[in-house]
Amino acid sequence: MSTISTTLQPFDLANEAGYQIWRAAKLANYPAAAADLLVRINDAAALTEREHAAILERCRKTNLAIYEVTGGGKTDKPVIRAFGRQFGLVTLDMNLRTDEDSITSLRVVETSAGTHYIPYTNRPLNWHTDGYYNRLDEQVRGIVMHCVSASASGGENMFLDPEIAYLLLRDENPDYIRALMQSDVMTIPANIEAGVELRSAQSGPVFSVAQDTGTLHMRYTARTRSIEWKDDRNTREAVGFLLELLASDSIYIIRHRLCAGQGIICNNVLHKREAFADDASSGQERLLYRARYHERIQGTY
Ligand SMILES: [Fe+2]
């Protein structure tokens, strides 16, 4: 899959023949369920050749794999770092709320300056790719997210491969892709707290193609507040089409609720999260470790 994408340049709108070859390969035997993406591993810090190959194979096909640690060892933050390194994920993205070790602990935070960042609440989290507000030279291309403990109920994730989103949009109307590749199509206004600019406004494309690897990157949020779309007809229609796709029961949307000991590794695929409820008295409180990287998963291009 990935070598095809590099050599055929399928994301070039002028290259219809290359696109059709890539498209057929992409859709052939595309997994329909989360179970197809699940790989059991013994120790995330030291994968066997077979475990590594099984995860990589899934990431090459769908840009996403789900793993489950079945060995007895503790999967702490250094283990998550070591897990990512085995896939070439090295450079962690720094953000405002990252722990000192640059891996974020996602849990419900009752009162702090960070509470209006939805990942730290139990509310639903709408479709997005991570770091869409980052500078274009600091985009998040790879993610590892590990579930240490699950909530009492809810918290299911949904995932959609950006290459599939691209494919469905291009099949519908290539002008949609043209619109979403404009360098000023999506703008995130500056982040200002108490009169201090924490982040400047960030404009950029939804879809972009890495010059060195020919791989596709997607920058997207379904948020309607704090986001400005370019005001042209194709952009409006493309964004509407994408919203409808994400709200649909498309067979390409993978649903999975992470159990304790499970996690995902992905090339920053589209994702959303349902609301969840913790139960402190029974110890069922959701805690996830999330590592965001500037690299893509090695071997998926
Ligand atoms: Fe996210």
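Residues numbered from 1 in each chain as written. Predicted model: local features only at pLDDT ≥ 70, side-chain atom pairs only at ≥ 80, totals over all residues. Heavy atoms only, no water.

Participant: Run through the coordination of the iron ion, naming residues and quoting values.
Facilitator: Looking at the iron ion, one finds its protein donor set to be His128 (NE2), Asp130 (OD) and His271 (NE2), positioned 2.1 to 2.2 Å from the metal centre. Read in sequence order, the donor residues for the iron ion give the motif H-x1-D-x140-H. (Donors = N, O, S within 2.8 Å, 3.2 Å for Na, K, Ca; no water.)

Participant: Explain helix 2 (residues 16–27) to me, and be specific about the residues and the numbers.
Facilitator: Because each turn of an α-helix spans 3.6 residues, side chains separated by three or four positions end up pointing in the same direction. Given a rise of 1.5 Å per residue, 12 residues ought to cover 16 Å, and the 16 Å separating the end C-alpha atoms of helix 2 matches this to within 8%. Along helix 2, the positions that sit buried rather than exposed are Gly18, Tyr19, Trp22 and Lys26. Looking straight down helix 2, one finds that the buried residues subtend no more than 95° of arc, so they occupy a single side. A positive backbone phi angle near 55° is found at Asn29, which sits one or two residues after helix 2. (Helix = DSSP H or I, 4+ residues; strand = E, 2+ residues; numbered from the N terminus. Expected span 1.5 Å × (residues − 1). Buried < 20%, exposed > 50% of the residue type's maximum accessible area, 1.4 Å probe, protein only. Arc of directions from axis to C-beta.)

Participant: Let's hear about the layout of surface pockets: which residues, and what values?
Facilitator: Volume-wise, the second largest pocket comes out at about 180 Å³. Lining the second largest pocket, in full, are Leu136, Asp137, Glu138, Gln139, Arg141, Pro205, Ser208, Val209, Ala210, His217, Arg219 and His294. Looking at the lining of the second largest pocket, its residues break down into four nonpolar, four polar and four charged. (1 Å grid on protein atoms, 1.4 Å probe; cavity = no way out; pocket = protein on both sides within 12 Å on 5 of 7 lines; lining within 4 Å. Points joined across faces, edges and corners; volume = space filled by probe spheres on them. Nonpolar A, V, L, I, M, F, W, Y, C, P; charged D, E, K, R; others polar.)

Participant: Before we move on, could you go through the nonpolar core and cite the residues and values that matter?
Facilitator: By size, the foremost hydrophobic cluster in this structure holds 36 residues, and its most contacted members are Trp127, Leu160 and Phe207. Secondary-structure elements contributing two or more residues to this core are helix 2, strand 7 (157–160), helix 5 (162–172), helix 6 (174–180), strand 8 (186–188), strand 13 (216–218) and helix 7 (233–247). For this core, the leading source of residues is helix 5, giving six residues. Leave out the neighbours within four places in its chain, and Leu160 touches Trp127, Ala165, Leu245, Leu246, Tyr252, Ile253, Val269 and Leu270. (Core = buried A, V, L, I, M, F, W, Y, C linked by side-chain atoms within 4.5 Å. Contact = heavy atoms within 4.5 Å.)

Participant: Give me the sheet that holds strand 7: which residues, what numbers.
Facilitator: The four strands lie next to each other as 4-17-7-15, forming an open sheet whose pairing is antiparallel. A single partner strand is all that each edge strand has here, and the edge strands are strand 4 (125–128) and strand 15 (254–256). Strand-to-strand twist of the sheet, defined as the mean angle between neighbouring strand axes without regard to direction, takes the value 15°. In terms of strand pairing, strand 7 meets strand 15 through three bridges, oriented antiparallel. (Pairing = 2+ DSSP bridges. Axes fitted to C-alpha atoms, helices over the stretch in contact; angles between N-to-C directions.)

Participant: Explain the packing of helix 2 against helix 5 to me, and be specific about the residues and the numbers.
Facilitator: The contact between helix 2 and helix 5 brings their axes to 11 Å, and the two run at 130°. In terms of their interaxial angle, helix 2 and helix 5 are classed as oblique. Handedness of the helix 2/helix 5 crossing: left-handed. Residues Glu16, Tyr19, Trp22, Arg23, Lys26 and Leu27 of helix 2 lie in contact with helix 5, whose contacting residues are Glu163, Ile164, Tyr166, Leu167, Arg170 and Asp171. A breakdown of the residues in the contact of helix 2 with helix 5 according to their chemical character gives six nonpolar, no polar and six charged. (Parallel < 35°, antiparallel > 145°, perpendicular 65-115°, else oblique. Left-handed = near helix turned anticlockwise from the far one by under 90°.)

Participant: Any details on the sheet that holds strand 8? Residues and values, ideally.
Facilitator: The three strands lie next to each other as 11-8-14, forming an open sheet whose pairing is antiparallel. The open sheet is flanked by strand 11 (202–204) and strand 14 (228–229), the only strands paired with a single partner. With two bridges connecting them, strand 8 and strand 14 associate as antiparallel partners. Within strand 14, the residue paired with Thr187 across the bridge is Glu228.

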